[in-house]
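The residues making up each chain are set out below.
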Number of protein chains: 2
Amino acid sequence: MKKLINDPKFVVEEMIEGYVKAHPNHIKRLSENDRALVTAKNTAADKVGILIGGGSGHEPAFMGYVGSGMADGVAVGNIFASPPPDPILEVTKAIHKGAGVVYLYGNYAGDVMNFGMAAEMADLEEDIAVEMVVTTDDVASASKEEKEKRRGIAGEFFVYKAAGAAADDGYDLQEVARVARKANDYTRSMGVGLSPCSLPQTGKPSFELADEEMEVGLGHHGEPGIEKSPVATADKVAERLVNDILKDMPLESKNEVAVLVNGLGSTPRMELYIIYRKVEQLLTDRGIHIYRSYVGDYITSLEMGGCSITLMKLDEELKKFVDHPVDCPMFVQK
Amino acid sequence: MKKLINDPKFVVEEMIEGYVKAHPNHIKRLSENDRALVTAKNTAADKVGILIGGGSGHEPAFMGYVGSGMADGVAVGNIFASPPPDPILEVTKAIHKGAGVVYLYGNYAGDVMNFGMAAEMADLEEDIAVEMVVTTDDVASASKEEKEKRRGIAGEFFVYKAAGAAADDGYDLQEVARVARKANDYTRSMGVGLSPCSLPQTGKPSFELADEEMEVGLGHHGEPGIEKSPVATADKVAERLVNDILKDMPLESKNEVAVLVNGLGSTPRMELYIIYRKVEQLLTDRGIHIYRSYVGDYITSLEMGGCSITLMKLDEELKKFVDHPVDCPMFVQK
């Protein structure tokens, strides 16, 4: 696939360089590690630090979500690969204001290992208390009985949103971690893939699909889903995804939710809104109230085609956090 | 190409339906015409109305830019086709607060005709004063001597930004139109296409390119550019586009600009930031100061691959308008 890049070896460095240059008032790179970025804005004294991170290629995730109301810093990995412990530790040291740091990351073996190691180093070497919260929103990736094995996909956005708001509101370390875990517990996602992306280094498609085929339950790195089937209509796709989510997390009439229809990279907004139209119908038919909606590219996989649907069940506390204003380079909410 | 749609005949209606449902506090559809959308927020009495519009398939443009600080209403056409005069007129009537309405649209035959007819009807039938401002930022689409023949592409975003801010600041009809025309005069864009999109109705690619080929100067509907050439590195592409822009609009050391690196639909943000990195170098080398930057999908062509670069030369007045806060469903600036 054609790409607007220079040397494939340096795509992440060059992206970061461009990013920092484009948003100098928002973000800065730590001199200690060029994969360690932190907010350029002043944060409140004693605020719990929010640290996010993961592989590159998911932009706006993860680095786009550093700013007021979301994360204080991000560790940036290679494409679709976890960052090593070093940048995580450097960000931890930089954003620790005495109140500790919460790590938010998806449930992938590399991330679990590297964030875990960094947390241990932060504790032992720097005496910084760290709480780790692993996101597991993808219902397609494991059964309900093995929920802890599930991958984190677009629902991570809601976990960042809730935890970032709680930290901004002055919650302490345990409380921010509690809010993040609750947000994850209340959140379910499921996606569908229509076309692969390709890694800059190889130029090869990340998975194979026939001409008229889609993959239901596809992961954010092209991990296989539940089944391959002919491309269905937007309405059928929305129905399938919403039904699978509701089977896993039953909602009742009068329940309130936040909805995210997330594009994987190359799916036009037109299609995402057509999907949203049906999601709204399905929820409204069940008496479920949509409190707030997000439609767009929130966590992508380079130029992958397809989308995911995420529902977060809301209580009064989460509603407050969903409403909390955000000012990040790639996401602003008034 | 695979698409998440239902009946191709109704993609625009269903997109609008989803859009209005997703953002009920921001936008509403006029009962008079289902292609006529206006802001759901209260606007100041006597504020000049800002009306934008054009074909669908360019989302976030055009309907994503209705909201505080940008447009008050939008007329939505079919995919890549101008809206007819009716929705334009209905929006005009709805957003006219006694101070007149400014139409902002790209320089395409259909738009020029339909917005012109609507303006005439607004004047004759409704006694509403309308100023029309046509955007012509694409340097690749005609020579400098025939600047008035140029197409409007991503630079329209800056024209909306400036005019929307001026209207919000209480400028009168003539003054808002002056600001919009100045923004257009001070703005130049140029793009490069890597891969086509396909229309839902036909499923056919909008243009043809060989496997390793790119099209320099491509238009937003697949209009042919200046030349086809092998895909170059991001740095070479940025250099070519910036140089062609600066040849057309010479800038001096200490000049200030706003920069927009716009994705056409399926180009990952990673690549846009790699392009931005070089744009920043090229401008900085010339002593040109970047006052503010925008990197992302601002005016797309469904899932087309490629990007455009836009520079708007700034004076004190335009800087103020660039900084003006915006709250639209698809674009928020604090």
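Residues numbered from 1 in each chain as written. Chains lettered and ligands numbered in written order. Predicted model: local features only at pLDDT ≥ 70, side-chain atom pairs only at ≥ 80, totals over all residues.

**Thoughts on the overall build of chain A**
- A count of helical and extended segments in chain A gives 8 helices and 14 strands.
- Rg of the C-alpha trace for chain A: 19 Å, near the compact-globule value of 20 Å for 334 residues, within the 12% margin.
- Based on the C-alpha atoms only, the size of chain A along its principal axes is roughly 50 × 50 × 35 Å.
- Per-residue burial for chain A yields a buried fraction of 62% across its 334 residues.
- Counting contacts in chain A only where the partners sit at least 6 residues apart, residues at least 24 apart contribute 71% of the total. (Helix = DSSP H or I, 4+ residues; strand = E, 2+ residues; numbered from the N terminus. Rg over C-alpha atoms; globule rule 2.2 N^0.38 Å. Buried ≥ 20, exposed ≤ 12 C-beta atoms within 10 Å, placed from the backbone. Contact = placed C-beta atoms within 7 Å.)

**Quick word on the interface of chain A and chain B**
- The partner chain B presents 49 residues to the 49 residues of chain A that form the contact.
- Contributions of two or more residues to the side of chain A that touches chain B are made by α1 (11-22), β7 (187-195), α6 (234-248), α7 (269-285), β11 (289-296), β12 (305-314) and β14 (331-333) of chain A.
- Ranked by residue count, the leading element in the side of chain A that touches chain B is α7 of chain A, at 9 residues.
- Split into classes, the residues belonging to the side of chain A that touches chain B amount to 22 nonpolar, 13 polar and 14 charged. (Nonpolar A, V, L, I, M, F, W, Y, C, P; charged D, E, K, R; others polar.)

**Examining the sheet that holds β12 of chain A**
Residues and elements named next belong to chain A.
- Pairing in this open sheet of 6 strands is mixed, and the strands run β9-β8-β7-β12-β10-β11 from one edge to the other. In this open sheet, the two edge strands, each paired with only one partner strand, are β9 (227-230) and β11. The average undirected angle you get between the axes of adjacent strands in this sheet is 20°.
- Bridge count for β7 against strand β8 (residues 213-216) is 2 bridges, and the pairing is antiparallel. Counterpart to Val192 in the pairing with β8 is Val216.
- With respect to the sheet, α7 is in contact with β10 (256-263), β11 and β12, its orientation differing from that of β11 by roughly 165°.
- Sitting on the sheet, helix α8 (residues 316-323) is in contact with β10, β11 and β12, with an inclination near 130° to β12. (Pairing = 2+ DSSP bridges. Axes fitted to C-alpha atoms, helices over the stretch in contact; angles between N-to-C directions.)

**Looking at the nonpolar core**
- Residues Val102 and Ala163 of chain A together with Val102 and Ala163 of chain B are the most contacted members of the largest nonpolar core, which totals 230 residues.
- Once you skip the residues sitting within four places of it in the chain, Val102 of chain A turns out to touch Val48, Ile50, Leu51, Glu131, Val133, Ala163, Leu173, Val176, Ala177 and Ala180 of chain A. (Core = buried A, V, L, I, M, F, W, Y, C linked by C-beta atoms within 7 Å.)

**Comments concerning the pairing of strand β2 (residues 36-39) of chain A**
Residues and elements named next belong to chain A.
- Bridge count for strand β1 (residues 27-29) against β2 is 3 bridges, and the pairing is antiparallel. Directly across from Lys28, in β2, lies its bridge partner Val38.
- Here β1 folds back onto β2, and the loop between the two strands holds 6 residues.
- With 3 bridges joining them, β2 and strand β4 (residues 73-79) adopt antiparallel strand pairing. Paired with Val38 across the strands is Gly73, a residue of β4.

**What to know about the sheet that holds strand β5 (residues 101-106) of chain A**
Residues and elements named next belong to chain A.
- The strand order β1-β2-β4-β3-β5-β6 describes an open sheet built from 6 strands, whose pairing is mixed. Of all the strands in the sheet, just β1 and β6 (130-135) have a single pairing partner and so form its edges. Each adjacent strand pair in this sheet contributes to an overall mean axis angle of 25°, direction not counted.
- Contacts between helix α2 (residues 85-95) and the sheet are confined to β2, β3 (49-56), β4, β5 and β6, with β4 contributing the most and set at about 165° to the helix.

**Description of helix α8 (residues 316-323) of chain B**
Residue and element names in this part refer to chain B.
- Among all positions of α8, only Leu318, Phe321 and Val322 are buried. Looking straight down α8, one finds that the buried residues subtend no more than 100° of arc, so they occupy a single side.
- Buried positions along α8 lie against α4 (156-168), α5 (173-185), β10 (256-263), β11 (289-296) and β12 (305-314). (Arc of directions from axis to C-beta.)

**Focus: the packing of helix α6 (residues 234-248) of chain B against helix α7 (residues 269-285) of chain B**
All names here are of chain B.
- Here α6 crosses α7 at 55°, and the two axes come no closer than 9 Å. Here α6 is positioned oblique relative to α7, judged by the angle of their axes. The chirality of how α6 crosses α7 is right-handed. Contacts between α6 and α7 involve Ala234, Asp235, Val237, Ala238, Glu239 and Val242 on the former and, on the latter, Glu271, Ile274, Ile275, Lys278, Val279 and Leu282. (Parallel < 35°, antiparallel > 145°, perpendicular 65-115°, else oblique. Left-handed = near helix turned anticlockwise from the far one by under 90°.)

**Observations regarding α6 of chain A**
All names here are of chain A.
- Its 15 residues give α6 an end-to-end C-alpha distance of 21 Å, which sits within 8% of 21 Å, the value for a rise of 1.5 Å per residue.
- Among the residues of α6, those classed as buried are Ala234, Asp235, Val237, Ala238, Leu241, Val242 and Ile245. Projected down its long axis, α6 carries its buried residues within an arc of 160°, all on one side. The exposed residues of α6 that point more than 90 degrees off its buried face are Asn243 and Lys247.
- On its buried face, α6 is in contact with β7, α7 and β12. (Expected span 1.5 Å × (residues − 1).)

**Overview of the relation of the copies chain A and chain B**
- Superposing chain A onto chain B requires a rotation of 180° together with a translation of 0.0 Å along the rotation axis, leaving an RMSD of 0.0 Å. Taken together, the turn and the small shift mark the pair as related by a two-fold rotation axis. Within chain A, the C-alpha atom positioned nearest to the axis of rotation is that of Ser266 of chain A, 2.0 Å from it.
- When the interface residues of chain A are mapped onto chain B, 100% of them are again interface residues, pointing to one common binding face. (Least-squares fit on C-alpha atoms with pLDDT ≥ 70 in both.)

**Concerning the domain arrangement of chain A**
Residues and elements named next belong to chain A.
- On domain assignment, one finds that chain A holds domain 1 (10-186) and domain 2 (187-322).
- Computed from C-alpha atoms alone, the centre-to-centre distance between domain 1 and domain 2 is 23 Å.
- In this complex, domain 1 contributes 30 residues to the contact, which on the side of domain 2 involves 32 residues.
- Those elements giving two or more residues to the side of domain 1 that touches domain 2 turn out to be α4 (156-168) and α5 (173-185).
- Top element by residues in the side of domain 1 that touches domain 2 is α4. It accounts for 8 residues. (Domains from an automatic or database assignment.)

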